[in-house]
Amino acid sequence: MAKAKTKPESNEQTLVIVESPAKATTIEKYLGPGYTVKASMGHLIDLPKSRMAINIEDQFQPEYITVRGRAKLLKELQRDAKKSTNVLLASDNDREGEAIAWHLHNALRDKTDADIRRIVFNEITPVAIQEAVKHPGTIDESKVNAQKARRVLDRLVGYNLSPLLWKKVKNGLSAGRVQSVALRLICEREREVEDFIPDEYWTLEADFSKGKSTFTAQLVQYKGAKVDLKSEQAVNDIIKEIEHSECRVSEVKATEKTVRPKPPFTTSKMQQAAANRLGFTSRKTMQIAQQLYEGIPMGENRIGLITYMRTDSVRIAQTALDEVRDWIGKNYPGDLPEKPIEYAVGKGAQDAHECIRPTYASYTPASVKEYLSRDQLRLYTLIWEKFVSCQMANAKTRTTSVDITAGDALFRTSASKLVEKGFYRVISLLSSKEDVTGSVPALKKDEVLDSAHQFYPEQHFTQGPARYTDASIVRTLEEKGIGRPSTYAPIISVLLDRYYVTRSNKQLVPTQLGKMICKILVEAFPDVINERFTADVENKLDDVEQNKIVWNRFIGDFYVPFKHRVDEVDANQESVKGFLDETTDKVCEKCGKPMLKKLGRFGFFLACSGFPECHNTKSIPLAKCPVDGCTGEIVERKTKGRGKSFYGCTNYPACNFISHFKPLENQYCPKCGWFLVEKFDKKNGTYKSCINPACDYLHSAEDAAEKPGGGED
C-alpha cells in the first residue's frame, strides 16, 4: 500500500483525522485535492463515567467504551475510512493525542483496507503539514501505555476516594491524585495567611535640590545603623534632628549590568506571564492559545500562528532559528548575535515538542492585529516578543546610586537606564519596570545640596505570605513536579468548579468545604495526598513512556496498600455529614419553620428546614446594611451578562447601597460600626478595612492582640 503523499495519485483518497474542527479546516486548505480532513472532537473511546471500569483481577486492564453521544461520529469516520486509500491519524503529539490515535486505529482497522498511519507536527503551517504527510510513522505504544497508566491510576484514586467523601462528608464531592495535592498546597498557604499578624513600620523619604532639579531619596541609615522605625514618633524625632542639617553627597556609584534575554515560553511560563501581565486565568490562556495554534482566518487563508501550546521544553527547531535570525538580521542587524542562543532544557522535561513560539517571526503583532481579537492579540504579542527577543543580543543597564548625609542620617536614591537596548528593542508588553527607574541629576562626591525641604513619613504594615494566584500555583506545581503542562489549567478549574476554592482579588482562597476535605484526606492518606508521591508518579509515567518499567506492574505496587487503607478509613472514619449545616434565627416566610445554613455547589445558602415540603431558599446575609434607618441585610448578588458578584441590600430598590468588596461575615468596625471587608493591593497585600469611606480603620497587630490569645473574631 502506498504511503500518503502531498500530491496523491488521482485514484487515491487520503483521510486525515485531527482532534478539532478548526484544525481540520486549516489543514484541509493546506493539503488540497485528494485529501479529506475530519475531526474526532477529542476522545471517541474512553473509560465510562458511571463506574470504575478497571479490571483489577486482569492486571488492571481498562474497560473502554465509545463515549456517550460519539457513536454517530465514529461510524462516520469508519465510513470515510472505508472509502479511503490511506488514513493518517493526526491527533496532538502528546500522550493524550497518542491514545486518541491508538483508539481510532483499533476502531478503524477492521472497517477498511486503507493503510492507517500516524503523523505528528508541532505547528500548523503548510511546510510542517506537508512534511508530516510525506513521512508517516506508527503509533508509539509506550506513549499510549504512559497515558493508560495515568488514566488507570487516577481512576483508581478518584473512584475510591470520592465515594468515601460522599459517605463521610457530602454527596457530589470529588477527590483526585493531583487536584487534592494542589488543594493541600492552597490550604497550607491559607493557614500561614491566617496565622500572620502584621507589624507596623515606617519609612521616611525627603526631597533634595540641586539648582532647579529636585529629587527624592529614602532614609536607609541613622547613626550608622540600619533604619528600623516602629512608630510615627520615631520618624518625627529624626526629622526634628536633621531638618536644618547640611546635606552633602557622600558617595556616587555607577554600576553596569548585563541583562540576558530569557528563554522562550513553556506552558507554565506562558500561563504565569499571561496571569501577571494580562490578568488571564490559566483556563483563558490555554483557550486563546488553542485558537492561535489551530488557525486564525486571515483574508482567504486560515493560518496557525503559534506552535503547540502544551510543552515543558525550550528547544527551538533549526528551521525556526534560521527564520528568526534572518528576520532579526533584516530589522535589527546590530542586535543579531554571531551564533544562535541555546537554552538548556529543564530536568524532567519530556521534550516531545519545541517551545511555544510564533510559526513565523515575520508575522509581527502589528501585521496580524486586524485579524485578532483584543485578547488574542495580547497573548500572541507576549509569545512573539518572548521568542524573537530570546535570539537577540544582551541589553545593558547603568545604575547610578547616590548617598546623601544630613546630620546623622543617610539617604539614598538610585536610577537605572538602558545604555544598550539589545533585545528590549522588540519588547513592549513584556518590559520590566525594574530595568529602567527614575532619574537623578549629575552629582559629585562632597557636593553640598540645599537642605532637605520636604519630608514624607509613611506608615506601613509587614506583609504576610501571599495567597496563591493562577501564576504562583502553576509555578509551584511546576517546581514540585506536580502534573504536566496539559494539567495545570484543569487542576485550578476543577478546584473552583467544586467550590473547594474561590477567587478573591485574583487570589485562590480555600472554602470551608475545601479545608474540611483537605484535612480528612491528608490525615487519612498522608502517603498519597502529598507532593512527593505525586511528583514520583510523574517520574514513573516518564519511565513507562521510555520502556523502563511495565505500566500495570507499577499500578499494582501502588494499589494493594492503597485499597487496604481505603477500607480501613471507610470502617473507622467518623461521618461529618451535615457538620457544615447550621441552625439560624431566620424564619421561613413561606411556612414559618426555621431556616438552615447549608452548603451547596456554589457556596452557602439558607434553606427551609421543612424541605422537601417547602423548597424556599435564600442568599446568606453577610452583614447589616450600614445605611441609617435601613433594616435590610447585605447579600451577594450577580450582575447580568457576565454574572460578576457584588453585594447589595435586601431592601433594594428602597435602599440602593452596594459594595464591590465581600463583607467579612459578622465582622464590624470597632470605630464606626460599619461592616469590614477584605481588600487587596500590591502595596499592602491582603488586609481588612472598613467599608465606610470616612473611616480609616485597618486591621493590625494591635487589634489582634486585644483578643484572647491574640486571635481574631
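Refer to the structure presented above.
Rules and cut-offs
- Residues numbered from 1 in each chain as written.
- Predicted model: local features only at pLDDT ≥ 70, side-chain atom pairs only at ≥ 80, totals over all residues.
- Heavy atoms only, no water.
- Salt bridge = Lys/Arg side-chain N within 4 Å of Asp/Glu carboxyl O.
- Helix = DSSP H or I, 4+ residues; strand = E, 2+ residues; numbered from the N terminus.
- Buried < 20%, exposed > 50% of the residue type's maximum accessible area, 1.4 Å probe, protein only.
- 1 Å grid on protein atoms, 1.4 Å probe; cavity = no way out; pocket = protein on both sides within 12 Å on 5 of 7 lines; lining within 4 Å.
- Points joined across faces, edges and corners; volume = space filled by probe spheres on them.
- Nonpolar A, V, L, I, M, F, W, Y, C, P; charged D, E, K, R; others polar.
- Pairing = 2+ DSSP bridges.
- Axes fitted to C-alpha atoms, helices over the stretch in contact; angles between N-to-C directions.
- Patch = residues over 30% accessible without salt bridge, like charges linked within 9 Å, V, L, I, M, F, W, Y side chains within 5 Å.
- Areas by Shrake-Rupley, 256 points an atom, 1.4 Å probe, with all protein chains shown as cover.
- Lys, Arg positive; Asp, Glu negative; His and termini not counted.
- Charge placed at Lys NZ, Arg CZ, Asp CG, Glu CD.
- Contact = heavy atoms within 4.5 Å.

(A) Expanded view of the pattern of salt bridges. Considering all chains together, one arrives at 42 salt bridges under this definition. Between glutamate 96 and arginine 150 there is a salt bridge, with its nearest N and O atoms 2.6 Å apart. With glutamate 96 in helix 3 (residues 95–108) and arginine 150 in helix 5 (residues 141–168), this residue pair connects regions lying 54 residues apart in the sequence. You can call arginine 150 partly exposed: its relative accessible area is 23%. Here the salt bridges share partners, and the residues they tie into one network are Glu96, Arg150, Asp154, Arg177 and Glu538.

(B) Fine view of empty space enclosed by the protein. One pass over the full model with this rule turns up 3 cavities of 30 Å³ or more. The calculated volume of the largest cavity comes to roughly 40 Å³. Every residue lining the largest cavity is listed: Gly42, His43, Leu44, Ile45, Ile100, His103 and Leu104. Partitioned by chemical class, the residues of the lining of the largest cavity number 4 nonpolar, 3 polar and no charged.

(C) Geometry of the pairing of strand 2 (residues 35–39). Burial of strand 2 is one-sided: the residues Tyr35, Val37 and Ala39 facing one way are buried, the residues Thr36 and Lys38 facing the other way are not. The pairing of strand 1 (residues 14–18) with strand 2 spans 5 bridges and is classified as parallel. Within strand 2, the position partnered with valine 18 by the bridge is alanine 39.

(D) Structural detail: the sheet that holds strand 2. Within the open sheet, the 4 strands sit side by side as 2-1-7-8. Their pairing is parallel. Across the chains shown, the open sheet's two edge strands, defined by having one partner strand only, are strand 2 and strand 8 (115–118). Strand-to-strand, the axes of this sheet are offset by a mean angle of 20°, without reference to chain direction. Pairing geometry for strand 1 and strand 7 (residues 86–89), over 4 bridges, is parallel. Paired with isoleucine 17 across the two strands is leucine 89, which belongs to strand 7.

(E) Quick look at a positive patch on the surface. Taken together, the side chains of Lys72, Lys75, Arg79, Lys82, Lys83 and Lys111 make up a positively charged region of the molecular surface. Relative to the elements of secondary structure, lysine 111 occurs in the loop between helix 3 and strand 8.

(F) Focus on the side chain of glutamine 272. With respect to the element layout, glutamine 272 can be found in helix 8 (residues 267–278). With a relative accessible area of 8%, glutamine 272 lands in the buried category. When neighbours within four sequence positions are excluded, glutamine 272 is seen to be in contact with Ala471, Val474, Arg475 and Glu478.

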